[in-house]
Amino acid sequence: MSLVSVEKMSVAYGANTVLRDVSLSIEPGEIVTVVGPNGSGKTTLLRTLIGAARPTSGRITTRPGLRIGYVPQKLHVDRTLPMTVNRFLRLPGGTTRTDAAAALDRAGVTDLSQRQMSALSGGQLQRVLLARALMNRPELLLLDEATQGLDQPGSAAFYLQIEDVRRQTGCAVMMISHELHVVMSASDRVICLNGHVCCEGTPDIVSAAPEYRALFGTGTGGALALYRHEHDHAHDHDHDHHHDKTEAAE
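Residues numbered from 1 in each chain as written. Predicted model: local features only at pLDDT ≥ 70, side-chain atom pairs only at ≥ 80, totals over all residues. Heavy atoms only, no water.

- Per an unreviewed UniProt entry, the chain goes by Zinc ABC transporter ATP-binding protein ZnuC and derives from Sulfitobacter alexandrii.

In structure tokens form, the structure reads like this:
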């Protein structure tokens, strides 16, 4: 059984229909990336999956008892509020220090437990938010442009961590992305959204789809081209410190 099944779903805010007739599913253990231009409804889709927005038509079916973890785009932390990472992870209570330490380890930031939340870098904060999302051992991990504001090496490292989480826990992952060149290389399936599902499939299939090319083009200098990583080669693309070969799909 699918973890989540969306059938002919539309979402409107007043007279503005943001999503129309969207159907998709998320299967156990897979990584799904949702891409699309600004205003395409990516975040609205995620909000409906976590119950923060309601469909105006259609329906969402989730597997009974499904545990979902959610990593937001960002979290604004009051710099005058003294709160350690460990304390943040244990809010609103009930979580043990051992569980918090295990979640930080899984997110790749074991040494941050006593750091002040207000003193974290952008990348460290996103790792802590990932750790919090992992606290309830989710079967489905949802990420809303979780690397927004990070540089390319930071983004690449974060998504490699997500791959490790999937491998260690077996959870499915759905990520909303603005970074096709980093994220899509890790995806089992890609959904291209522009108010509706334009196309979906493996990264290679989507990259060749006319609907995808109409939205993103192929000659935009890389930022909007589909990239693929081959980990046994090196190259010198901008700010890439991870020795991956990055190729625009033709």
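### What to know about the sheet that holds strand β1 (residues 4-13)
Okay, so step 1: Strands sit in the order β2-β1-β4 across an open sheet of three strands; the sheet is antiparallel. What marks the edges here is a single partner per strand, and that holds for β2 (16-26) and β4 (57-62). Direction aside, the axes of adjacent strands within the sheet are offset by 25° on average.
Okay, so step 2: Bridge count for β1 against β2 is seven bridges, and the pairing is antiparallel. For M9, the partnering residue across the bridge sits in β2 and is V22. (Pairing = 2+ DSSP bridges. Helix = DSSP H or I, 4+ residues; strand = E, 2+ residues; numbered from the N terminus. Axes fitted to C-alpha atoms, helices over the stretch in contact; angles between N-to-C directions.)

### With respect to the packing of aromatic side chains
Okay, so step 1: Tallied over the full model, the rule gives one aromatic pair.
Okay, so step 2: The ring centre of F88 lies 5.0 Å from the NZ or CZ of R132, which sits over that ring. (Phe/Tyr/Trp six-rings, centres within 6.5 Å; stacked < 30°, edge-to-face > 60°. Lys NZ or Arg CZ within 6 Å of the ring centre and 35° of its normal.)

### What about the side chain of Q161?
Okay, so step 1: Examined against the element boundaries, Q161 turns out to sit in helix α5 (residues 152-169).
Okay, so step 2: What Q161 contacts, discounting residues up to four positions off in sequence, is R106, A107, G108, R127 and L130. (Contact = heavy atoms within 4.5 Å.)

### Section: the nonpolar core
Okay, so step 1: One finds V128, L141, L143 and I162 to be the most contacted residues of the largest nonpolar core, which totals 33 residues.
Okay, so step 2: Elements that contribute at least two residues to this core include exactly α2 (85-90), α3 (97-106), α4 (122-133), β6 (140-144), α5 and β7 (172-176).
Okay, so step 3: Top element by residues in this core is α4. It accounts for six residues.
Okay, so step 4: Here this core spans two domains, since at least three of its residues come from each of domain 1 (1-67 + 139-227) and domain 2 (75-136).
Okay, so step 5: In contact with V128, other than residues within four places in its own chain, are V85, F88, L89, L104, L112, M117 and L120.
Okay, so step 6: Within the second largest apolar cluster, 23 residues are counted, among which are V6, V18, V22 and I176. (Core = buried A, V, L, I, M, F, W, Y, C linked by side-chain atoms within 4.5 Å. Buried < 20%, exposed > 50% of the residue type's maximum accessible area, 1.4 Å probe, protein only. Domains from an automatic or database assignment.)

### Focus on the confidence of the model for the chain
Okay, so step 1: Here the chain shows a mean pLDDT of 83. Residues at 70 or above account for 84%.
Okay, so step 2: In this model, residues 220-250 is a region of pLDDT below 50 whose contacts with residues beyond four sequence positions or in other chains number 65 contacts. (pLDDT = per-residue confidence, 0-100.)

### With respect to α4
Okay, so step 1: With 12 residues, α4 extends 17 Å between its outermost C-alpha atoms, agreeing within 8% with the 16 Å of an ideal straight helix rising 1.5 Å per residue.
Okay, so step 2: All buried positions along α4 are accounted for by L125, Q126, R127, V128, L129, L130, A131 and A133.
Okay, so step 3: Those residues of α4 that are buried lie in contact with β5 (68-71), α2, α3, β6 and α5. (Expected span 1.5 Å × (residues − 1).)

### Description of the sheet that holds β6
Okay, so step 1: The sheet built from six strands is open, its strands ordered β5-β6-β7-β3-β8-β9 with mixed pairing. The open sheet is flanked by β5 and β9 (197-201), the only strands paired with a single partner. For this sheet, the mean angle separating the axes of adjacent strands, direction not counted, is 15°.
Okay, so step 2: Two strands pair when backbone bridges link them, and β5 and β6 are joined in this way by four bridges, in the parallel orientation. Of the residues in β6, the one forming a bridge with Y70 is L142.
Okay, so step 3: Where helix α1 (residues 42-49) meets the sheet, its contacts fall on β3 (31-35), β5, β6, β7 and β8 (189-193), and the angle it forms with β6 comes to roughly 145°.

### A look at α5
Okay, so step 1: In this model, α5 (18 residues) spans 26 Å end to end at C-alpha, consistent with the 26 Å of a helix rising 1.5 Å per residue.
Okay, so step 2: Among all positions in α5, only Q152, P153, S155, A156, F158, Y159, Q161, I162 and V165 are buried.
Okay, so step 3: For α5, the N-terminal cap is D151; the gap from its side-chain oxygen to the backbone nitrogen of G154 is 2.8 Å.
Okay, so step 4: Just beyond α5, the residue with positive phi is G170, at close to 80°. (Polar contact = N/O pair within 3.5 Å; in protein donor to acceptor, adjacent residues only side chain to side chain.)

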